Amino acid sequence: MKATGVVRRIDDLGRVVIPKEIRKTLRIKEGDPLEIFTDKEGEVILKKYSPIGELSEFATEYAETLAKTTGHIACITDKDTVIAVSGGPKKEFLEQSISNELEKILEDKENYTSKENNDLAVPITKNDNKERRFNSQVVYPIISDGDVIGSVILLSKDTGTKMSEVEQKVVQSAATFLGKQMEI
């Protein structure tokens, strides 16, 4: 593990402050839940908690079903990373940080549909280069108990493909279903 060179003391209530630079790098905001656990060497590990991450195996199966049913690339994200991909290159998406543009859509609890290859195409990951555009895409936030916990995305690179109301409803249904699973 890489040392940061920052030392913090535990206060009388057992609290420790995570430095601003680390919170910014890991995109940890006030109110974000953290998992706390230890390893065999006795190190304390803090990890940003992803409620939808608990469903990652289920999300992978769901993404596979979406890709087979629609013929498009299907991605499922939590608030920070892509947790499931099917119908496209996994290496390009899986476990990659989501883009700032996608993060903004999630924060605003908006759904997004791009019907043509244009400047409004939303990059999915931070690694997306500006030259690669999807011809069409649908993004729908996964909402559980009123909070956004991720998104369901359908993508197509085919120039003749346009996302119709059917694809929009499929993505909406998937996001709603996954959100309800987290409430159970």
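Please refer to the structure higher up on the page.
Presented here is a report on the structure given in the accompanying data block. Just so it is clear, the model here is predicted, and its values are computed rather than measured.

## Some details on helix H5 (residues 165-183)
Compared with the 27 Å implied by 1.5 Å per residue over 19 residues, the 27 Å span of H5 between its first and last C-alpha is a close match. Among the residues of H5, those classed as buried are Glu167, Val171, Ala174, Ala175, Leu178, Gly179 and Met182. Buried residues of H5 fall within an arc of 130° about the axis and therefore sit on the same side. In H5, the exposed positions angled more than 90 degrees off the buried face are occupied by Glu165 and Val166. The N-cap residue of H5 is Ser164: its side-chain oxygen and the backbone nitrogen of Val166 are 3.2 Å apart.

## Topic: the side chain of Gln137
Within the secondary structure, Gln137 is located in strand E6 (residues 136-144). A distance of 2.5 Å separates the side chain of Gln137 from the backbone nitrogen of Val122, its partner in a polar contact.

## Observations concerning helix H4 (residues 100-107)
Of the residues making up H4, those classed as buried are Leu102, Glu103, Ile105 and Leu106. Burial along H4 is one-sided: seen end-on, the buried residues are contained in an arc of 155°. As for H4, its buried residues are in contact with strand E3 (73-78), strand E5 (112-114), E6 and strand E7 (147-156). Just downstream of H4, Lys109 is the residue with a positive phi angle, here 55°.

## Observations regarding the packing of helix H2 (residues 56-70) against H5
With their axes 12 Å apart at the nearest point, H2 and H5 run at an angle of 165° to one another. Taken as axis vectors, H2 and H5 run roughly antiparallel relative to one another. Considering the relative orientation of H2 and H5, their crossing is right-handed. Note on element contacts: H5 touches H2 through Val170, Ser173, Ala174, Phe177, Leu178 and Gln181, opposite Phe58, Tyr62, Leu66 and Thr70.

## Overview of the environment of Ala121
Here Ala121 lies in the loop between E5 and E6. Residue Ala121 is classed as buried on the basis of its relative accessible area of 7%. As for Ala121 and Val138, which are separated by 17 residues in sequence, their C-alpha atoms are 9.9 Å apart.

## Considering the pairing of E6
Among the nine residues of E6, eight are classified as buried, and the element is accordingly described as predominantly covered. Alignment of E5 against E6, held across three bridges, turns out to be antiparallel. Looking at E6, one finds that Ser114 is bridged to Gln137. Bridge analysis of E6 against E7 gives nine bridges, and the strand direction is antiparallel. Of the residues in E7, the one forming a bridge with Ile143 is Val148. Adjacent in sequence and paired antiparallel, E6 and E7 are bridged by two residues, among which Asp145 carries a positive phi angle near 50°.

Rules and cut-offs
Residues numbered from 1 in each chain as written. Predicted model: local features only at pLDDT ≥ 70, side-chain atom pairs only at ≥ 80, totals over all residues. Heavy atoms only, no water. Helix = DSSP H or I, 4+ residues; strand = E, 2+ residues; numbered from the N terminus. Expected span 1.5 Å × (residues − 1). Buried < 20%, exposed > 50% of the residue type's maximum accessible area, 1.4 Å probe, protein only. Arc of directions from axis to C-beta. Polar contact = N/O pair within 3.5 Å; in protein donor to acceptor, adjacent residues only side chain to side chain. Contact = heavy atoms within 4.5 Å. Axes fitted to C-alpha atoms, helices over the stretch in contact; angles between N-to-C directions. Parallel < 35°, antiparallel > 145°, perpendicular 65-115°, else oblique. Left-handed = near helix turned anticlockwise from the far one by under 90°. Pairing = 2+ DSSP bridges.

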